[in-house]
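Here's the letter readout for the chains.
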Amino acid sequence: MRNLLRLLVCCIVIFIFSGCEIDHNEETYPYYKFESEDDTLLIKYNYIPNQIITYKNQFNKKLNFRVISNITEKRGSYSRGTFSGGGGLLVNYYDSKIIRLEIIENPSNTSNSGDYSKVNYVFSKNKSVFVNGFNFPMWNITSFYSINELQDNVNVYLSDFNEIPKTEMSINNHVFKAVVVIDSNSDESLNNSSFGPLLQNVNKIFYDYDFGIVQFNDVDGNEWKVIYPE
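Residues numbered from 1 in each chain as written. Predicted model: local features only at pLDDT ≥ 70, side-chain atom pairs only at ≥ 80, totals over all residues. Heavy atoms only, no water.

Comments concerning the side chain of Ser124
Turning to its location among the elements, Ser124 is positioned in strand S5 (residues 118-124). Residue class for Ser124 comes out buried when judged on its relative accessible area of 2%. A distance of 2.7 Å separates a polar atom in the side chain of Ser124 from a polar atom in the side chain of Asn148. Beyond its immediate sequence surroundings of up to four residues, Ser124 is in contact with Phe34, Tyr94, Asp95, Val129, Phe130, Val131, Ile147 and Asn148. (Helix = DSSP H or I, 4+ residues; strand = E, 2+ residues; numbered from the N terminus. Buried < 20%, exposed > 50% of the residue type's maximum accessible area, 1.4 Å probe, protein only. Polar contact = N/O pair within 3.5 Å; in protein donor to acceptor, adjacent residues only side chain to side chain. Contact = heavy atoms within 4.5 Å.)

Here's the deal with the nonpolar core
Tyr121, Phe136, Tyr207 and Phe216 are the most contacted members of the largest nonpolar core, which totals 43 residues. By residue number, the principal contributor to this core is strand S11 (residues 174-183), which donates five residues. Residues contacting Phe136, with those up to four places away along its chain left out, are Phe65, Val119, Asn155, Val202, Ile205, Ile213 and Phe216. (Core = buried A, V, L, I, M, F, W, Y, C linked by side-chain atoms within 4.5 Å.)

Digging into the environment of Ile68
Examined against the element boundaries, Ile68 turns out to sit in strand S3 (residues 62-78). Taking the C-alpha atoms as reference points, Ile68 and Lys118, 50 residues apart in sequence, are found 9.5 Å from one another. Apart from residues no more than four positions distant in its own chain, Ile68 is found in contact with Pro49, Arg100, Leu101, Glu102 and Lys118.

Overview of unusual backbone geometry
The backbone phi angle of Lys127 is positive, close to 55°, even though this residue is not glycine. Positioned with a positive phi, Asn172 is a non-glycine residue whose angle comes to about 50°. Tracing the sequence through the fold places Asn172 in the loop between strand S10 (167-171) and S11. Taking the relative accessible area as the measure of exposure, Asn172 reaches 40% and is therefore partly exposed.

Considering the pairing of strand S2 (residues 52-56)
Of the strand pairs in this sheet, S2 and S3 are connected by five bridges, and their pairing is antiparallel. Among the inter-strand pairings, Lys56 is bridged to a residue of S3, identified as Lys62. Linking two consecutive strands that pair antiparallel, namely S2 and S3, is a turn of five residues; a positive phi of about 65° is found at Asn60 within it. In this sheet, strand S14 (residues 223-227) lies alongside S2 in antiparallel orientation, the contact comprising three bridges. (Pairing = 2+ DSSP bridges.)

Concerning the confidence of the model for the protein chain
Summing up the model confidence of the protein chain, the mean pLDDT is 89 and the portion of residues at 70 or higher is 83%. Confidence drops under pLDDT 50 across residues 1-5; counting only partners more than four residues distant or on other chains, this segment forms zero contacts. Segment residues 7-24 is flagged for pLDDT under 50; beyond a separation of four residues in sequence, or across chains, it makes zero contacts in the model. (pLDDT = per-residue confidence, 0-100.)

Description of the layout of surface pockets
By volume, the largest pocket is sized at about 210 Å³. As for the largest pocket, its lining consists of Gly76, Ser77, Tyr78, Ser79, Arg80, Tyr94, Asn126, Lys127, Asn148 and Glu149. Top element by residues in the lining of the largest pocket is S3. It accounts for three residues. Looking at side-chain class alone, the lining of the largest pocket contains two nonpolar, five polar and three charged residues. (1 Å grid on protein atoms, 1.4 Å probe; cavity = no way out; pocket = protein on both sides within 12 Å on 5 of 7 lines; lining within 4 Å. Points joined across faces, edges and corners; volume = space filled by probe spheres on them. Nonpolar A, V, L, I, M, F, W, Y, C, P; charged D, E, K, R; others polar.)

As for the packing of aromatic side chains
This model, assessed by the stated rule, comprises 24 aromatic pairs. Taking the centre distance of 4.6 Å and the plane angle of 45° together, the rings of Tyr55 and Phe65 count as tilted. Of this pair, Tyr55 sits in strand S2 while Phe65 sits in strand S3, and the two are ten residues apart along the sequence. Across the pair, exposure class does not vary: Tyr55 and Phe65 are buried alike. Within the aromatic cluster, the residues linked to one another by ring pairs are Tyr45, Tyr47, Tyr121, Phe134, Phe176, Tyr207, Tyr209, Phe211 and Tyr228. (Phe/Tyr/Trp six-rings, centres within 6.5 Å; stacked < 30°, edge-to-face > 60°.)

Structure representation (structure tokens):
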């Protein structure tokens, strides 16, 4: 009985010291958090999974965006693995915010990571550098990028727009106060299956820093405007 008690005490001590060691190791790696200036560039609207966001054009046609997820979390950044198959080593932690939506009328033919048929809003503070961008499957410039991870794919970076003056727009009786206009400067229409069955014919996007995409125009003159979910 006495030996059993000693063994139990020994296990408890080992467990306590193991926990302390994990905490100590975690503190040895840098953790890059969103700072106040970064917060102004994060989408403020609280997208809720399974919520439907509708965009309607001037002919009353609609496209429906279903929210998949809205996650803000602490993530780990790892070095590249070796050619022999060894995994990468933890380098630092960083804050990440990712909002994912699917266009119901643009069903994906793949469940793999890096699915460009989805709408992604990606915000990252990895290596102490703030980066933001989004993936819009109907954008008529073919680009394949990702921020940190393959599944965090984007085809538009917002770096060039973060510091420019924002404008105010009223769309379907809702006022958006921090809007920038992103123009592809192209009148082409593409049909790349990586982006889903919908035509890639959008050449102008109105992006609000508090909400995300509030309007997009295509090369055929359609103006798709969000119906703000009250």
